[in-house]
Amino acid sequence: MTIDLLDLLPTEWRDVMKPHLDLEVVARLSSFVEAEYAAGPVYPPREDLFSAFRLCSPAQTRVLILGQDPYHKPGQAHGLSFSVRPGVAVPPSLRNIYKELQDNLGVKPPSNGDLTGWASQGVLLLNAVLTVRAGQPTSHADKGWEHFTDAAIKAVNDSPYSVVFVLWGAYARKKAAFVTNAQHTVLQAGHPSPMNPRGFLGCGHFTAIGEALGKAGRGTITWS
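Residues numbered from 1 in each chain as written. Predicted model: local features only at pLDDT ≥ 70, side-chain atom pairs only at ≥ 80, totals over all residues. Heavy atoms only, no water.

Named according to an unreviewed UniProt entry, the chain is Uracil-DNA glycosylase originating from Rhizocola hellebori. The annotation that UniProt attaches to the chain under Subcellular location (unreviewed entry) is "Cytoplasm". You can read under Sequence similarities (unreviewed entry) in the UniProt record for the chain the words "Belongs to the uracil-DNA glycosylase (UDG) superfamily. UNG family." (UniProt positions renumbered as here; feature names shortened; annotations may be inferred.)

Right, dumping it as structure tokens:
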């Protein structure tokens, strides 16, 4: 089965991302992704590749949380940054995110790591790289995905609505350069990984997200 990544994108995202894309880069990326899925196993499953975009349209996007790379173990990745399917052990970085959520807002940690409920409320859970070879973290870095997802960030920056960009860790924080429109809010902190001993816990970003959305008249997110 031939993969055309632009054809797989929801129409609304294709329309806003295309002005920021080099179609030759996308064609090479499509060929690479097709070959990797054929060789397999690759995560997330093909049907979950663009879950973040399907669950959260450009107009609905109120918050963008940027991750780096999908989880590389079986059953974990399902197309949303930091999220895992119900029944899968909550990964360490997400445990720290839940800890910050509890410390910051008093929200009891959910029983599982599925963040679909966040995505359906307008939280774009975007990874910079959208596929990975099983057991080989960052194996699909520098293959064209970064160009593709940079286009998504730039498209959200073009939005006439106020959006909160949440950038955790040095890699994500580099993307702040793409957020140029004054109506947006950029929040930056260290990565939530336990390998990062400081810089994330205590950042207060969940309160800051609520304040920014309230000020912009864009409602609230139910994080529980």
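We are not done yet, so read on.
A few words now on the overall build of the chain. When helices and strands are counted, the chain shows nine helices and six strands. What you see for the chain is a C-alpha radius of gyration of 17 Å, in line with the 17 Å of a compact globule of 224 residues. Considering only C-alpha atoms, the chain reaches an extent of 45 × 40 × 25 Å along its principal axes. Taking all 224 residues of the chain together, the buried fraction comes to 52%. Sequence-distant contacts, at least 24 apart, represent 67% of the contacts inside the chain between residues at least 6 apart. Of the accessible surface of the chain, which amounts to about 10100 Å², a share of 51% is contributed by carbon and sulfur atoms. For the chain, the distance from the average position of its 20 positive side-chain charges to the average position of its 19 negative side-chain charges is 7 Å. (Helix = DSSP H or I, 4+ residues; strand = E, 2+ residues; numbered from the N terminus. Rg over C-alpha atoms; globule rule 2.2 N^0.38 Å. Buried < 20%, exposed > 50% of the residue type's maximum accessible area, 1.4 Å probe, protein only. Contact = heavy atoms within 4.5 Å. Areas by Shrake-Rupley, 256 points an atom, 1.4 Å probe, with all protein chains shown as cover. Lys, Arg positive; Asp, Glu negative; His and termini not counted. Charge placed at Lys NZ, Arg CZ, Asp CG, Glu CD.)

Counting 69 residues, the largest nonpolar core has Met17, Trp118, Trp145 and Phe148 as its most contacted members. A per-element tally of this core places helix H7 (residues 145–157) first, with seven residues. Setting aside anything within four residues of it in sequence, one finds Trp118 in contact with Ile97, Tyr98, Leu101, Val123, Leu125, Phe206, Thr222 and Trp223. (Core = buried A, V, L, I, M, F, W, Y, C linked by side-chain atoms within 4.5 Å.)

Our focus in this paragraph is unusual backbone geometry. A cis geometry characterises the amide bond from Gly40 onward to Pro41, with omega recorded as -10°. Tracing the chain through its elements places Pro41 in the loop between helix H3 (23–39) and strand S1 (42–43). In this chain, Tyr43 is followed by Pro44 through a cis amide linkage whose omega measures -5°. Note on placement: Pro44 falls in the loop between S1 and helix H4 (51–55). One non-glycine residue, Phe82, lies in positive phi territory at about 70°. Its place among the elements puts Phe82 in the loop between strand S2 (63–67) and helix H5 (92–105). With relative accessibility at 10%, the residue Phe82 sits in the buried group.

On to the layout of surface pockets, then. Within this model, the largest pocket holds a volume of roughly 470 Å³. Taken together, the residues of the lining of the largest pocket break down into seven nonpolar, 10 polar and two charged. (1 Å grid on protein atoms, 1.4 Å probe; cavity = no way out; pocket = protein on both sides within 12 Å on 5 of 7 lines; lining within 4 Å. Points joined across faces, edges and corners; volume = space filled by probe spheres on them. Nonpolar A, V, L, I, M, F, W, Y, C, P; charged D, E, K, R; others polar.)

All right, on to the packing of H3 against H7 then. The interhelical angle for the contact between H3 and H7, taken along N-to-C directions, is 120°, at an axis separation of 9 Å. Comparing the axis directions of H3 and H7 gives the class oblique. Crossing handedness for the pair H3 and H7: left-handed. In contact with Val25, Val26, Leu29 and Val33 of H3, H7 contributes Trp145, His147 and Phe148. A per-class count over the contact of H3 with H7 returns six nonpolar, one polar and no charged. (Axes fitted to C-alpha atoms, helices over the stretch in contact; angles between N-to-C directions. Parallel < 35°, antiparallel > 145°, perpendicular 65-115°, else oblique. Left-handed = near helix turned anticlockwise from the far one by under 90°.)

One side chain can pair with another of opposite charge once the charged atoms of both are near each other. Counted under the stated rule, the structure contains four salt bridges. A salt bridge links Arg133 to Glu36; the nearest nitrogen and oxygen atoms lie 2.7 Å apart. Of this pair, Arg133 sits in strand S4 (residues 132–133) while Glu36 sits in helix H3, placing them 97 residues apart in sequence. A relative accessible area of 12% places Glu36 in the buried class. (Salt bridge = Lys/Arg side-chain N within 4 Å of Asp/Glu carboxyl O.)

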